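Here is what each chain is made of, one letter per residue.
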There are 2 protein chains.
Amino acid sequence: MALRLKSSLLRPSSRLPTNLSSRLPGSMKPLTLDALNAQLQTVQYAVRGELAIKAEEYRDKLRQGDSSLPFDKVISSNIGNPQQKGLDQPPITFTRQVAALTEWPALAELAPGVFPSDVVARAKELAEEIGSIGAYSHSQGVPFIRKGVAEFIAARDGYPAVANDIFLTAGASVGVSLLINMLITSPESGILIPIPQYPLYTAALAQHHGRPIPYLLDESSDWSTSVESIETALAEARSQGTTPKALVIINPGNPTGALLTADTMKALVKLCEEHSLVLLADEVYQNNLHRAAEYPFTSFKKIVRELQSPVPLVSFHSISKGVSGECGRRGGYFELTNIAPEVHALVYKLVSVGLCPPLSGQIGVDSMVRPPKEGEPSYALWKKETDTIHAALAERTRIMAQRLNALPGASCVESPGALYLFPKIDIPPKAVEAAKAAGKEPDAFYALALLDATGICVVPGSGFGQKEGEWHYRLTCLCPGVEEYVGKLEQFHLAFLKKYE
Amino acid sequence: MALRLKSSLLRPSSRLPTNLSSRLPGSMKPLTLDALNAQLQTVQYAVRGELAIKAEEYRDKLRQGDSSLPFDKVISSNIGNPQQKGLDQPPITFTRQVAALTEWPALAELAPGVFPSDVVARAKELAEEIGSIGAYSHSQGVPFIRKGVAEFIAARDGYPAVANDIFLTAGASVGVSLLINMLITSPESGILIPIPQYPLYTAALAQHHGRPIPYLLDESSDWSTSVESIETALAEARSQGTTPKALVIINPGNPTGALLTADTMKALVKLCEEHSLVLLADEVYQNNLHRAAEYPFTSFKKIVRELQSPVPLVSFHSISKGVSGECGRRGGYFELTNIAPEVHALVYKLVSVGLCPPLSGQIGVDSMVRPPKEGEPSYALWKKETDTIHAALAERTRIMAQRLNALPGASCVESPGALYLFPKIDIPPKAVEAAKAAGKEPDAFYALALLDATGICVVPGSGFGQKEGEWHYRLTCLCPGVEEYVGKLEQFHLAFLKKYE
C-alpha cells in the first residue's frame, strides 16, 4: 500500500517561505526528495500508514466537538498497542511500582507501607546494580538484567543461556533492523520473509538495500509454514541472481497468529543448515497463546539445542506484547546463538554507537523475566492481572473469529496466538473497479470505507502481503466491548457487499 | 583508533561448538565477518572502544576484590554520563517526581503530601494528554510535549516554532543517524564534519556509505570555526569527486567546548546558502555554558530566522547533557526548519517504522523544556539543584584547565561550554616509537598507560580526529574530587614524560 500523507497533517512551519525557489539567494537549491536517499523513499509501513493517519484526523475532529461523523469514537485496531487510550489494558501493577521506585528511590521511605516489600526489595536490588536509571548503561544493557534474561531463557527451554549473548534493545524492531543491516552485503542479498509478514521486515530490507524473498504461508491449513514453500522461494530467488542470507520466522505469527509445531521447527532448522541461512526468530508473541495447554510455545533456541545444530540463530523478544503490553517503554532483547566471537564483537560495536537501550525499557524487561513468585507479596495481584488479560484476549479472539466466520464473503482462521486476526474478505468485482478508479488496493479501499463508516481502523492485507487476487485485513483483538465492536464490523461488511453486489 | 575487543569480554555461549567447521553438516557454512556488511565493519566509536572496555575489566577486577591494581577505583571520564556510578551527579528531583507519578498515577492519592502540588498537577496534565506511558505514542512523539518544545524554542529564540516541526527522539544520536542516512544518496555523497568531531558523525557516515569531509577547527584561537577552513575542505572534496550535501556544526563544541560567535554563525549560514548545504546543528550542550553571562548561547534557528535564510536546518537537542544529565532515559528532539512538506513526510514515515521514542525520554523532554517556574512549589529546589550543577561544572573546568596548562608538554583551551576538555599533549619521540611497536596511535598508547596507572579512562584524540602529528585526549569535567583527580593526571603525565625522555 502506498503511503500517502494528508497535507493537513504536515503543516510546515508557518514561516517557511511559500514559494521557496523565488526567494533563494545565489546558487541555493531547496531540499527536495530527489536530493535524498532514493532507497529510503521505497520504505513502506502500513501499520502507521494512510489509514492510521486518517484515523488520527478523525480523532482530532471528534475531540474538537465535530458531530458530522457517523461514529462517536475512533478504535485503533491497526496496531498492537494494548495500553492506548480507548483500549486501556491496565499495566501490571508490579512493573509500574518497581519503575516508580527506580525513578525516585526516596519514595520507599517517604511513603512507608505503600509499596509491597518485594517491590521495595526489587527496586533496591536494581538500584544497587544500576546506580541511577538516568545514567547510560553498558551498551548491551545492564549485565544484571541480562543475567535475569538468561535465567528466564534457561528455565523456559531447559538449556543454558548466558548473559553475554543477550543484547537488550529498545523494542524488538531495532534489533531486527540491525541484523538485517548486518546481513545485507550487496543489493543481491536476500532474506526469506513469510507472506503475510509484519511490514517491519520489508521496511528494513528497503532501508538497507536488500531483497525480500517471499515465501507463502498456507491459509488453508491454519496459516502453516512449509519447508516446500521455502524451497520453492529459494529456487526462484537463486534463479533471479539473489543470494539468500537468512530466514525470518515469526512465531507465533504476525499477522496470522499461527503457532509452529515442533516438527516443522526442526525441519526449518535443517533447512537453514542445508542452505547456510541465519535464522531470525521473531518470538515477540511467545506469551500470547490463548489455548496454551493445547498449543504451548517452543522456542527456536530449544530446537537448535535439541538438534545440536550449528545454525546461527538470533531470537527476538519484547515487553510490548504478551500481557505486559509496555510498548511505550521500548524494551526487548535478542539472544545470539551459534554466533562466533568476532561477529558478536561487531554487534557490540554497532550497538555502542547508539550508547544504550532506554533504562525504563530495561527495567521493564527485568519485570517480564522475573515476575513475582508464588508466596511473595505481589504474586496474588500479578496472577489476577495477568490471568484477566489472557482470558480477555482469548475470549475476544474466539468471539471475533466465530462471528467473522459466520459472515458471507469472509473467513477467518481462529488463531491460537498473537494479538490479531487476519480475516480473508471477498471483494465484489464492482468494488475492485471502484478501488482501481480511486487508485487504491481493493483491501485498502475496503478498510478506508470501514474507517469512514465505523471509526474502526484496521490494516489492509496488502500492507502485509497476500496471495495474488486475495484480500484480507488485520485487526487486533485488544478492543473491549467486543460484541458492539464486532457488530459494527458485521454491519459494515454486509452493507459493503450490498453496495457493490 | 581501531576497536579491539578483549576476548574475555566476549565469551560466547558455553555451548558454542569450539571447532564449528568440523561439526557443520552438509553444506552449512559458519557465519563469519566476510558474510556480513563490510561497510559496517569500518564503523569506529572510540568513546566506547578499547579504553572503555579495558576500564570495565578493571572495574570488574576491583569488584571481585583484586588488590593487584595500582588504584582503588576506575573513573570513567570517557563519556558524558553525569549520573553514572562514581560521578553521581544527582538527578533533578522535579523530573524524577513527575516520572514516578506517571509510572504509577495512584501514588498521588496513596502517598498524600509526598509530592509537591505542581508535580501532581504536571503528572495529571501529562496523563490526560498521553494516557498510559506504556502505550506507543504518535511516531513523532506526544503532540502536547512537542507543543511544549515549540514554546521553549520560541521563548529561547524570539521566533515562532511549531509542534509539527518537532520530532522527539531516543536521544540526539538516532536523529543524527537518520538525517545522515537520508542525505547520503551515493558513495560520493559527503558531509562536512569538524575536526576534532564527536565520532557519532564518522560512525554514521561509515554505516550509511557516505564520505566525511573534514574541516579543521583552530586550536590556536580557542578552537574557532572558520569559513575559510570549510571552503578549503569543500574545494578539496569537490576535486576528489565528492558531492557535499550538508554541514555539521557542533555548538557548543564536542570535544572542544568552543562556542560560536553570532557573526561566525551568520557567515556559516551564508556559506550553506552559497553551496546548497543542509545545516545539521548539534546543539546538545546549549545549556552547558560555564560563563553564560559572557558567552550566551545563540541557536542556529535564531540566526536562520534573523537572516530570513532559506537554508534547510535540522537542530538537535537532548536531555542527556545540560544539567538534566538524563542519559539513561534516551530523550531528545530535532526541529526541522525550511524543510518542504514532502521531505517532512518522508522523515515521518521513516520514524514511524520504529514506532515511537521511549515515553520516559519524552517525559524527560517535557521536564527539560517546562521546568518549575518562579513562585511554584518546586521552583526553589529546582533552582538550587541546577545552580549547584552549573557551578560545579564551571569550577571543575576552570581548575582542570588551569592545572593542565601549568604542566610541561600539555596545553588546554579553557572552554566556555560542554562537559569536556581536550588538552593537547606532547608525546616524546621514544613514546611514539613504543606506541608504533605496540600497534597503537601515540595518544591511545598514552591513554592506555594513564588507565593502567591511575584507573582514569579518557578518550584519545585520534578517536575524534586531529591535525597530523598532534596528540590530544578528551576527558569529562564531571568528576567530583577534582583536586585528587587532576593530581593523578599531573603525576602520570610527568612520569610518562620522564620515562620516554
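Residues numbered from 1 in each chain as written. Chains lettered and ligands numbered in written order. Predicted model: local features only at pLDDT ≥ 70, side-chain atom pairs only at ≥ 80, totals over all residues. Heavy atoms only, no water.

Engineer: I would appreciate a short explanation of the overall build of chain A in the present structure.
Structural biologist: Looking only at helices and strands, one finds 17 helices and 14 strands in chain A. Over its C-alpha atoms chain A spans a radius of gyration of 24 Å, differing by no more than 12% from the 23 Å that the globule rule assigns to 501 residues. Across its three principal directions, the C-alpha atoms of chain A cover 65 × 65 × 55 Å. In chain A, which comprises 501 residues, the share counted as buried stands at 63%. Of the contacts made within chain A by residues no fewer than 6 positions apart, 73% connect residues no fewer than 24 positions apart. Here chain A contributes 48 positive and 52 negative side-chain charges, whose respective centroids are spaced 6 Å apart. (Helix = DSSP H or I, 4+ residues; strand = E, 2+ residues; numbered from the N terminus. Rg over C-alpha atoms; globule rule 2.2 N^0.38 Å. Buried < 20%, exposed > 50% of the residue type's maximum accessible area, 1.4 Å probe, protein only. Contact = heavy atoms within 4.5 Å. Lys, Arg positive; Asp, Glu negative; His and termini not counted. Charge placed at Lys NZ, Arg CZ, Asp CG, Glu CD.)

Engineer: For this particular structure, what's the right way to read the interface of chain A and chain B?
Structural biologist: Interfaces are often described in size by the accessible area the parts lose on coming together. Of the residues lining the interface, 116 residues belong to chain A; the matching set on chain B comes to 116 residues. Between chain A and chain B, roughly 9800 Å² of surface is buried when both sides are summed, and carbon and sulfur atoms account for 61% of that area. Taken together, the connections running from chain A to chain B amount to four salt bridges. Two residues, Glu103 of chain B and Arg96 of chain A, come together in a salt bridge whose shortest N-O distance is 4.0 Å. Linking chain A with chain B are 35 residue pairs in polar contact (both at pLDDT 80 or more), by the criterion used here. Considering every element that reaches the side of chain A that touches chain B, the biggest residue donor is helix α12 (residues 341-353) of chain A, with 11 residues. Of the residues contributing to the side of chain A that touches chain B, the split by class is 61 nonpolar, 34 polar and 21 charged. (Buried area = accessible area lost by both parts, 1.4 Å probe. Salt bridge = Lys/Arg side-chain N within 4 Å of Asp/Glu carboxyl O. Polar contact = N/O pair within 3.5 Å; in protein donor to acceptor, adjacent residues only side chain to side chain. Nonpolar A, V, L, I, M, F, W, Y, C, P; charged D, E, K, R; others polar.)

Engineer: What am I meant to see in the relation of the copies chain A and chain B here?
Structural biologist: Relating one copy of the chain to the other takes a rotation about an axis and a shift parallel to that axis. With an RMSD of 0.0 Å, the fit of chain A onto chain B corresponds to turning through 180° and sliding 0.0 Å along the axis. These values place the two chain copies in the arrangement generated by a two-fold rotation axis. It is Ala100 of chain A whose C-alpha, among those of chain A, lies nearest the rotation axis, at 2.1 Å. Of all interface residues in chain A, 100% are interface residues in chain B too; the two copies therefore contact each other through one and the same surface. (Least-squares fit on C-alpha atoms with pLDDT ≥ 70 in both.)

Engineer: Hey, could you run me through the environment of Ile456 of chain B in this one?
Structural biologist: Residue and element names in this part refer to chain B. Examined against the element boundaries, Ile456 turns out to sit in strand β12 (residues 456-457). On a C-alpha basis, the gap between Ile456 and Ser77 in space is 6.7 Å, while along the polypeptide they are 379 residues apart. Filtering out sequence-adjacent residues up to four positions away, Ile456 remains in contact with Ile75, Ser77, Leu450, Leu451, Tyr485, Lys488 and Leu489.

Engineer: Can you walk me through the packing of helix α14 (residues 379-405) of chain A against helix α17 (residues 482-499) of chain A in this structure?
Structural biologist: Relative orientation and spacing of two packed helices are given, respectively, by the angle between their axes and the distance between those axes. Residue and element names in this part refer to chain A. Taken N-terminus to C-terminus, the directions of α14 and α17 make an angle of 25°; their axes are 10 Å apart at the nearest point. Classified by the angle their axes make, α14 and α17 are roughly parallel. Here α14 runs over α17; the crossing is right-handed. Taking contact as the criterion, the partners of Arg396, Ile399, Met400, Arg403 and Leu404 in α14 are, on α17, Val482, Glu483, Tyr485, Val486, Gly487, Leu489 and Glu490. Considering only residue class, the contact of α14 with α17 consists of seven nonpolar, one polar and four charged. (Axes fitted to C-alpha atoms, helices over the stretch in contact; angles between N-to-C directions. Parallel < 35°, antiparallel > 145°, perpendicular 65-115°, else oblique. Left-handed = near helix turned anticlockwise from the far one by under 90°.)

Engineer: Quick question: what am I supposed to make of the pattern of salt bridges here?
Structural biologist: Oppositely charged side chains may form a pair once their charged atoms are brought near each other. Counted according to the given criterion, the structure contains 46 salt bridges over all chains. Residue Asp157 of chain A is joined to Arg156 of chain A by a salt bridge in which the shortest nitrogen-to-oxygen separation is 2.8 Å. Of the residues examined, Arg156 of chain A reaches a relative accessible area of 25% and is grouped as partly exposed. Each member of the salt-bridge network shares a partner with another, and the members are Arg96, Glu326 and Arg329 of chain A together with Glu103 of chain B.

Engineer: Whenever I open this one, the sheet that holds strand β13 (residues 459-460) of chain B confuses me. Can you help?
Structural biologist: Residue and element names in this part refer to chain B. Strand order in this open sheet of three strands is β10-β14-β13, and the pairing throughout is antiparallel. Each edge of the sheet is formed by a strand with only one pairing partner; in this case those strands are β10 (420-421) and β13. With two bridges connecting them, β10 and strand β14 (residues 473-476) associate as antiparallel partners. Residue Tyr420 lies in a different strand from β14, and its bridge partner there is Thr476. (Pairing = 2+ DSSP bridges.)

Engineer: Just to check I follow, could you spell out the UniProt feature "domain: Aminotransferase class I/classII large" (unreviewed entry) in chain A for this structure?
Structural biologist: Taking the numbering used here, the UniProt-annotated feature "domain: Aminotransferase class I/classII large" (unreviewed entry) corresponds to residues 118-477 of chain A. Along residues 118-477 of chain A the backbone is 43% helical and 16% strand, and the end-to-end C-alpha distance reaches 33 Å. (UniProt positions renumbered as here; feature names shortened; annotations may be inferred.)

Engineer: Help me understand the packing of aromatic side chains, please; the structure alone is not making it clear to me.
Structural biologist: In this description, a pair of aromatic rings is defined by centroid distance and the angle of the planes. Per the stated rule, a full pass over the model turns up 32 aromatic pairs over all chains. Between Phe167 of chain B and Phe334 of chain B, the ring centres sit 5.1 Å apart and the planes meet at 5°, which makes this aromatic pair stacked. With Phe167 of chain B in strand β2 (residues 166-169) and Phe334 of chain B in strand β8 (residues 332-337), this residue pair connects regions lying 167 residues apart in the sequence. This pair shows no difference in class: Phe167 of chain B is buried, exactly as Phe334 of chain B is. Connected via pairs of aromatic rings, a cluster forms that spans Phe445, Tyr446, Tyr473, Phe492, Phe496 and Tyr500 of chain A. A cation over a ring is seen here: Arg474 of chain A above Tyr420 of chain A, with NZ or CZ 3.9 Å from the ring centre. (Phe/Tyr/Trp six-rings, centres within 6.5 Å; stacked < 30°, edge-to-face > 60°. Lys NZ or Arg CZ within 6 Å of the ring centre and 35° of its normal.)

Engineer: Just checking my understanding: could you explain the pairing of strand β6 (residues 278-282) of chain B for this structure?
Structural biologist: For a regular strand, side chains alternate in direction, first toward one face of the sheet and then toward the other. All names here are of chain B. Where burial is concerned, most of β6 is hidden: five out of the five residues are buried. Because side chains alternate across β6, one face comprises the buried residues Val278, Leu280 and Asp282, and the other comprises Leu279 and Ala281, equally buried. Across five bridges, strand β5 (residues 243-250) lies against β6 in parallel orientation. Within the sheet, the bridge partner assigned to Ala246 lies in β6 and is Val278. In terms of handedness, the path from β5 via helix α9 (residues 262-275) over to β6 forms a crossover that is right-handed. Relative to strand β7 (residues 313-318), β6 runs parallel, the two being bridged by four bridges. Along β7, the bridge assignment pairs Asp282 with Phe316. Crossover β6 to β7 through helix α10 (residues 300-306) is right-handed. (Right-handed = clockwise from strand over helix to strand, strands pointing away.)

Engineer: Looking at this model, I keep getting lost on empty space enclosed by the protein. Mind explaining?
Structural biologist: Over the atoms rolls a probe the size of a water molecule, and in doing so it shows where empty space is left. Scanning the entire structure with this criterion turns up 11 cavities of 30 Å³ or more. One number sums up the size of the largest cavity: a volume of about 1200 Å³. The wall of the largest cavity is formed by 44 residues, among which Val174 and Ser177 of chain A together with Ala170, Val174 and Ser177 of chain B lie closest to the centre. For the lining of the largest cavity, the secondary-structure elements that each account for two or more residues are β2 (166-169), α7 (172-183), α8 (200-207) and α12 of chain A together with β2, α6 (172-183), α7 (200-207) and α11 (341-353) of chain B. Tallied by class, the residues present in the lining of the largest cavity amount to 24 nonpolar, 18 polar and two charged. (1 Å grid on protein atoms, 1.4 Å probe; cavity = no way out; pocket = protein on both sides within 12 Å on 5 of 7 lines; lining within 4 Å. Points joined across faces, edges and corners; volume = space filled by probe spheres on them.)

Engineer: I would appreciate a short explanation of the sheet that holds β8 of chain B in the present structure.
Structural biologist: The strands that make up a sheet pair up through hydrogen bonds in the backbone, lying either parallel or antiparallel. Residue and element names in this part refer to chain B. A sheet is described by the order of its strands in space; here seven strands give the open sequence β2-β8-β7-β6-β5-β3-β4, paired in mixed fashion. Looking at which strands have only one partner, the edges of the open sheet turn out to be β2 and β4 (211-216). Along the sheet, successive strands turn relative to each other by an average axial angle of 20°, direction set aside. Bridge count for β2 against β8 is four bridges, and the pairing is antiparallel. In the sheet register, Leu168 faces β8, and the bridge partner there is Tyr333.

Engineer: What is the right way to look at helix α5 (residues 117-130) of chain A in this model?
Structural biologist: In an α-helix, one turn spans 3.6 residues, which is why side chains three or four residues apart end up on the same side. Residues and elements named next belong to chain A. For α5, built from 14 residues, the straight-helix expectation of 20 Å at 1.5 Å per residue is met to within 8% by its first-to-last C-alpha distance of 20 Å. Looking only at α5, the buried set comprises Asp118, Val119, Arg122, Ala123, Leu126 and Ile130. Each buried residue of α5 lies within a common arc of 135° when the element is viewed along its axis, so the set occupies one face. Turned more than 90 degrees away from the buried face of α5, the exposed residues are Ser117, Lys124 and Glu128. For α5, the elements touching its buried residues are α3 (93-103), α6 (143-157) and α13 (359-369). Immediately beyond the C-terminal end of α5, within one or two residues, lies Gly131, with a positive phi of roughly 80°. (Expected span 1.5 Å × (residues − 1). Arc of directions from axis to C-beta.)

Engineer: How do you make sense of the nonpolar core when you look at a structure like this?
Structural biologist: Proteins that are soluble and globular tend to have nonpolar side chains buried together. Ranked by internal contacts, the top residues of the largest apolar core, which has 288 residues, are Leu107 and Leu280 of chain A together with Leu107, Leu247, Leu280 and Phe300 of chain B. Beyond its immediate stretch of four places on either side in the chain, Phe300 of chain B contacts Ile249, Leu260, Met265, Leu268, Val269, Leu279, Ala281, Glu283 and Leu313 of chain B. By size, the runner-up hydrophobic cluster in this structure holds 33 residues, among which are Ala237, Leu271, Ile303 and Val311 of chain A. (Core = buried A, V, L, I, M, F, W, Y, C linked by side-chain atoms within 4.5 Å.)

Engineer: I tried to follow the environment of Gly487 of chain A on my own but got confused; where do I start?
Structural biologist: Position of Gly487 of chain A among the secondary structure elements: in helix α17. When the C-alpha positions of Gly487 of chain A and Met400 of chain A are compared, they lie 9.5 Å apart, and in sequence the two are 87 residues distant.

Engineer: For this particular structure, what's the right way to read the confidence of the model for chain A?
Structural biologist: Do not read the fine detail of predicted coordinates wherever pLDDT is low. All names here are of chain A. The predicted model of chain A has a mean per-residue pLDDT of 91, with 95% of residues at 70 or higher. Low pLDDT, under 50, characterises residues 1-22; the stretch is placed with 49 contacts to residues that sit more than four places away or in other chains. Across the interfaces of the predicted complex, the ipTM metric reaches 0.91, alongside a pTM of 0.92. (pLDDT = per-residue confidence, 0-100.)

Engineer: Hey, could you run me through the packing of α3 of chain A against helix α2 (residues 93-103) of chain B in this one?
Structural biologist: At a closest axis distance of 8 Å, the pairing of α3 of chain A and α2 of chain B adopts a crossing angle of 175°. Considering the angle they form, α3 of chain A stands roughly antiparallel to α2 of chain B. Mapping the contact onto sequence places Arg96, Ala99, Ala100, Thr102 and Glu103 of chain A in α3 of chain A and Arg96, Ala99, Ala100, Thr102 and Glu103 of chain B in α2 of chain B. For the contact of α3 of chain A with α2 of chain B, a count of residues per class yields four nonpolar, two polar and four charged.

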